[in-house]
Amino acid sequence: MFWLVFVNAKKMIILSGGTGTPKLLVGLKQVFQEEELNIIVNTAEDVWVSGNLVCPDVDSVIYALAGQIDEDKWWGVKDDSFFTHTTLKRFDYVEQMMIGDKDRATHIIRSELLRRGETLTKTASSLATRFGLTANILPMTDDVASVSTQIITPEEKLHFQEFWIAKSGEPEVLDVLFNGIETVQPSKGVKDVLSSDAGEDIVLIGPSNPITSIGPILSMDGVRQMLTHKKVVAVSPIVGHNPVSGPAGKFMQAKGFEVSPYGVYRCYEDFLDVLLIDESDEWLADKEEVEVVKTDIIIRDDADSKELAMFIQELIGAM
Ligand code: GDP
């Protein structure tokens, strides 16, 4: 009984984007007590569409945990329809993102709560409750849609969504900027979980894009500093010299990082304790720099997610 209380005293703080980490959350929810999960989520891709605030990463976290995410695309709600989006198109009103009808309901509720004066954090917890969730979902800031990820290409500056959706991620990338990040403060909830001096708290950086998903969270005032007081484990989103999916490779290169698990380590080197890399990977760097642990880190289905979550549970239990 005493042991159980001791184990539960460890708080699990997860840093998340909208694809790789939500995939892992499916398993983490089964292995840990859901209410023990404190998930800090990137908001640098949040955007107002047709009068409603879309928070792509927060939405994916909610949908994944609720078992409702469209697992083919890893965004939006499974089996959703697009009647409103296509009707608007027929009326020559082209939305900058494909928004499903069920997905839009989430955005409407969030935006209505914001208009009533709720914080973004409160809207996330209110939505989580509506989806039957007990995890503590924390948008990285309560400054609404105040950061915007810009991709600098040789020809132009593109919003992240324009680069990834309209241009299919094809242009060369010279730099990645987080417009507005200097003025943004971490939310109170984020500060509270990261600044508590419970030394046994574990921070897990999920397998998310280190530049555009985790980068904005780490760029906020004081966050990197707070992480130096925590035990931090990261799961690499890079296997070999390629991301498992998405544009992380191009972005890491543009920021001067090698596209490899070693490059991922370099993104987090000032606070990282353990890096989980794929069993197929060579680790060429000096092993003194960080503890490197190998396992299968590719999540093909829910069973893989649970297996990786169990591996992480065992790993952090020994820390
Ligand atoms: P975004 O918000 O959609 O960019 O999503 P994330 O940043 O959360 O996730 C994108 C990252 O997840 C990419 O860099 C992928 O390489 C990584 N990723 C996707 N699926 C997996 C997986 O099964 N295993 C690992 N290790 N990484 C993955």
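Here's a quick rundown of the structure.

In terms of backbone geometry, most residues other than glycine have negative phi values and most peptide bonds are trans. Positive phi, close to 50 degrees, is recorded for S50, a residue that is not glycine. Tracing the sequence through the fold places S50 in the loop between β3 (47-49) and β4 (52-54). Phi at W74 is positive, roughly 60 degrees, even though this residue is not glycine. By the element assignment, W74 lies in the loop between α3 (56-65) and α4 (83-90). Judged by relative accessible area, W74 falls into the buried class, the value being 12%.

So, about the nonpolar core. Counting residues in each nonpolar core, the largest one holds 48 residues, and the members touching the most others are L15, I40, L194, I205, L227 and Y268. Contacts of L194, omitting those with residues within four sequence positions, involve I13, I40, V203, V223, M226, L227 and K230. W74, A128, I202 and I299 belong to the second-largest nonpolar core, a separate cluster that totals 45 residues.

Another point: the packing of helix α2 (residues 20-31) against α3. Close contact between α2 and α3 brings their axes to 9 Å; oriented N to C, the two are set at 35 degrees. Once α2 is placed against α3, the crossing between them reads as right-handed. The segment α2 lies against α3, with P22, L25, V26 and K29 engaging S60, V61, A64 and L65.

Let's shift gears to the environment of A234. In this fold, A234 is placed in strand β10 (residues 231-235). Residues A234 and S305, 71 residues apart in the sequence, show an inter-C-alpha distance of 15 Å. Sequence-distant contacts of A234, defined by excluding residues within four places in its chain, comprise I205, Y268, L272, V274, L275 and L276.

Attention now goes to the packing of aromatic side chains. Summed over all chains, the structure comprises seven aromatic pairs. An angle of 75 degrees between the planes, with centres 6.3 Å apart, marks the rings of Y265 and W283 as edge-to-face. Of the two residues, Y265 is situated in helix α12 (residues 261-268) and W283 in the loop between β13 (274-278) and β14 (291-295); the sequence distance between them amounts to 18 residues. Among the residues examined, Y265 registers a relative accessible area of 4% and is labelled buried. What links up through ring pairs into an aromatic cluster is the set F160, F163 and F251. Seen from the ring of W75, K73 lies directly overhead, with NZ or CZ sitting 4.3 Å from the centre.

Calculation rules
Residues numbered from 1 in each chain as written. Predicted model: local features only at pLDDT ≥ 70, side-chain atom pairs only at ≥ 80, totals over all residues. Heavy atoms only, no water. Helix = DSSP H or I, 4+ residues; strand = E, 2+ residues; numbered from the N terminus. Buried < 20%, exposed > 50% of the residue type's maximum accessible area, 1.4 Å probe, protein only. Core = buried A, V, L, I, M, F, W, Y, C linked by side-chain atoms within 4.5 Å. Contact = heavy atoms within 4.5 Å. Axes fitted to C-alpha atoms, helices over the stretch in contact; angles between N-to-C directions. Left-handed = near helix turned anticlockwise from the far one by under 90°. Phe/Tyr/Trp six-rings, centres within 6.5 Å; stacked < 30°, edge-to-face > 60°. Lys NZ or Arg CZ within 6 Å of the ring centre and 35° of its normal.

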